[in-house]
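A structural walkthrough
Single-letter residue listing:
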Amino acid sequence: MYLAIAEYTKKQQVTLVAVSKTQSIPTIMTLYKQGQRIFGENRVQELVEKYEAMPKDIQWHLIGHLQKNKVKYIAPFVSMIHSVDSFELLEVINQQAKKNDRIIPVLLQFHIAEEETKFGLNIQEAQSLLEQIKLQSLDHIKICGVMGMASFTDDKEKVRGEFRTLKGHFDQLKSTYFSEDAGFKEISMGMSGDYEIAISEGSTMVRIGSALFG
Ligand SMILES: *Cc1c(COP(=O)(O)O)cnc(C)c1O
């Protein structure tokens, strides 16, 4: 399935993050050999192990929940962190990025699904986080957009509505807090079961795992 999905996302001008969690290195290498260079992992330890073992032109994205005390392990190399959901976490990422003389691109994760267990901000929390950032100089992070996961359901209209909500949050934050050239442009939404809906609702970045490797 890899080539078909890679072609589809390319045609739609959407970035494909190949979610390689739980996949072995030889399996991931089969996608690498077909040209894939952006991979996503949801656990820090697995991300570090794969980074160390695999070619250095891979861009690694962290897509899962991140604890503050683990930021230091990924700060030297991570290309994007999709799962920022507190100001305190942003401060730690900034501090660790500075130590590594880097600027780390991040996304603000929103809670858009009905499931209780999912991490993420609501719009008020995101606004107050961005107000706090205005007051402090976090020079070593770049806020590039938003991320969200829709509910696990067969109800396509519900999923579509949740993606539309995330796009609405993105538009609102962009117009209030970011100039046109600030690089706030990514909407990370869409997984194996719902990426086509996500793309039709404005996704710029899909995170697909099982459909690529299955
Ligand atoms: C696992 C995971 C994905 C990919 O899920 P699939 O259904 O396998 O495509 C996307 N985003 C996050 C945050 C994940 O943990």
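Numbering of residues starts from 1 in each chain and follows the order in which that chain's sequence is written. Reporting of local features is limited, given that this is a predicted model, to residues whose pLDDT is at least 70; pairs of side-chain atoms are given and counted only at 80 or more, and all residues count toward the totals for whole chains, interfaces and linings. Water and hydrogen atoms were dropped before computing side-chain values, which therefore reflect all heavy atoms in the structure.

1. Some remarks on the site of the ligand
Whether a residue is near a molecule or strand depends on its heavy atoms: if one lies within 4 Å, it is near. Residues in contact with the ligand, as listed here, are Val19, Lys21, Asn42, Ile63, Met149, Met191, Ser192, Arg207, Ile208, Gly209 and Ser210. Note on areas: Shrake-Rupley, 1.4 Å probe, and residue coverage restricted to the protein chains presented here. Against a free-state accessible area of 390 Å², the protein chains account for coverage of 86% of the ligand. Any residue that is not Ala, Val, Leu, Ile, Met, Phe, Trp, Tyr, Cys, Pro, Asp, Glu, Lys or Arg is counted as polar, Gly included; the first ten are nonpolar and the last four charged. In terms of residue class, the shell around the ligand is made up of five nonpolar, four polar and two charged.

2. Concerning the nonpolar core
By size, the foremost hydrophobic cluster in this structure holds 67 residues, and its most contacted members are Ile74, Ile81, Ile93, Phe110, Ile143 and Leu173. Throughout, a contact is declared for two residues whenever any of their heavy atoms are within 4.5 Å. Setting aside chain neighbours within four positions, we find Phe110 in contact with Phe119, Gly120, Leu121, Asn122, Ile123, Ala126, Val146, Met147, Gly148, Leu166, His169 and Leu173. Counting seven residues, the second largest nonpolar core, distinct from the first, contains Val17, Leu107, Cys144 and Met205. The nonpolar core is taken to be a set of buried Ala, Val, Leu, Ile, Met, Phe, Trp, Tyr and Cys residues, with the residues joined through side-chain atoms within 4.5 Å. Remark: exposure states derive from per-residue accessible area (1.4 Å probe, protein chains only) relative to the maximum for the residue type, with buried under 20%, exposed over 50%, and partly exposed in between.

3. Concerning the packing of aromatic side chains
Within a pair of aromatic rings, the relevant descriptors are the distance that separates the centres and the angle that separates the planes. Aromatic pairing here means that ring centres of Phe, Tyr or Trp (its six-membered ring) are within 6.5 Å. Orientation follows from the plane angle: under 30 degrees is stacked, over 60 is edge-to-face, and everything else is tilted. Enumeration according to the criterion identifies five aromatic pairs in this entry. Centre to centre, the rings of Phe39 and Trp60 are 5.9 Å apart; their planes meet at 40 degrees, and the pair counts as tilted. You can see Phe39 sitting in strand 2 (residues 38–41) and its partner Trp60 sitting in strand 3 (residues 59–62), a full 21 residues away along the chain. Neither Phe39 nor Trp60 differs from the other in exposure class; each is buried. Where Tyr51 meets Phe77, the ring centres are 3.8 Å apart and the plane angle is 5 degrees; that geometry is what we call stacked. Highlighted residues: Tyr51 in helix 3 (residues 44–53) and Phe77 in the loop between helix 4 (71–74) and strand 4 (80–84), separated in sequence by 26 residues. The partly exposed category is assigned to Tyr51, whose relative accessible area is 24%. Each helix corresponds to a stretch of at least 4 residues labelled H or I by DSSP, and each strand to a stretch of at least 2 residues labelled E; elements are numbered beginning at the N terminus.

4. Section: helix 3
Taken together, the buried positions of helix 3 are occupied by Val44, Glu46, Leu47, Val48 and Lys50. Against the buried residues of helix 3 lie helix 2 (25–33), strand 2, strand 3 and helix 4.

5. Some details on unusual backbone geometry
Unlike most non-glycine residues, Gln13 shows phi in positive territory, near 55 degrees. With respect to the helices, strands and loops of the structure, Gln13 is situated in the loop between helix 1 (2–11) and strand 1 (15–19).

6. Some remarks on the environment of Ala53
Assignment of secondary structure puts Ala53 in helix 3. Through-space distance from the C-alpha of Ala53 to that of Ser86 is 31 Å; in sequence the pair is 33 residues apart.

7. Re the pairing of strand 6 (residues 141–148)
Within strand 6, seven of the eight residues are buried, leaving the element largely enclosed by the surrounding structure. Think of it this way: DSSP has to see at least two bridges between two strands before they count as a pair. Strand direction decides the pairing type here: strand 5 (residues 104–110) and strand 6, joined by seven bridges, are parallel. Across the sheet, Leu108 pairs through a bridge with Val146, a residue of strand 6. Relative to strand 7 (residues 186–188), strand 6 runs parallel, the two sharing three bridges. Within strand 7, the position partnered with Val146 by the bridge is Ile187. Where the polypeptide runs from strand 6 across helix 7 (residues 156–177) and back to strand 7, its parallel neighbour, the crossover connection is right-handed. Orient the strands so they point away from the viewer; a crossover is then right-handed if the path from the first strand over the helix to the second runs clockwise.

8. Things to note about the pattern of salt bridges
Salt bridge criterion: a side-chain nitrogen from Lys or Arg within 4 Å of a carboxyl oxygen from Asp or Glu. Tallied over the full model, the rule gives 13 salt bridges. Here Asp171 and Lys167 are joined by a salt bridge, their closest N and O atoms 3.0 Å apart. Residue Asp171 and its partner Lys167 are both found in helix 7; the two are separated by four residues, about one turn of the helix. Residue Asp171 is classed as partly exposed on the basis of its relative accessible area of 36%. Since its relative accessible area comes to 26%, Lys167 is described here as partly exposed. Shared partners join several salt bridges into a network, and the residues in it are Glu41, Arg43, Glu46 and Lys50.

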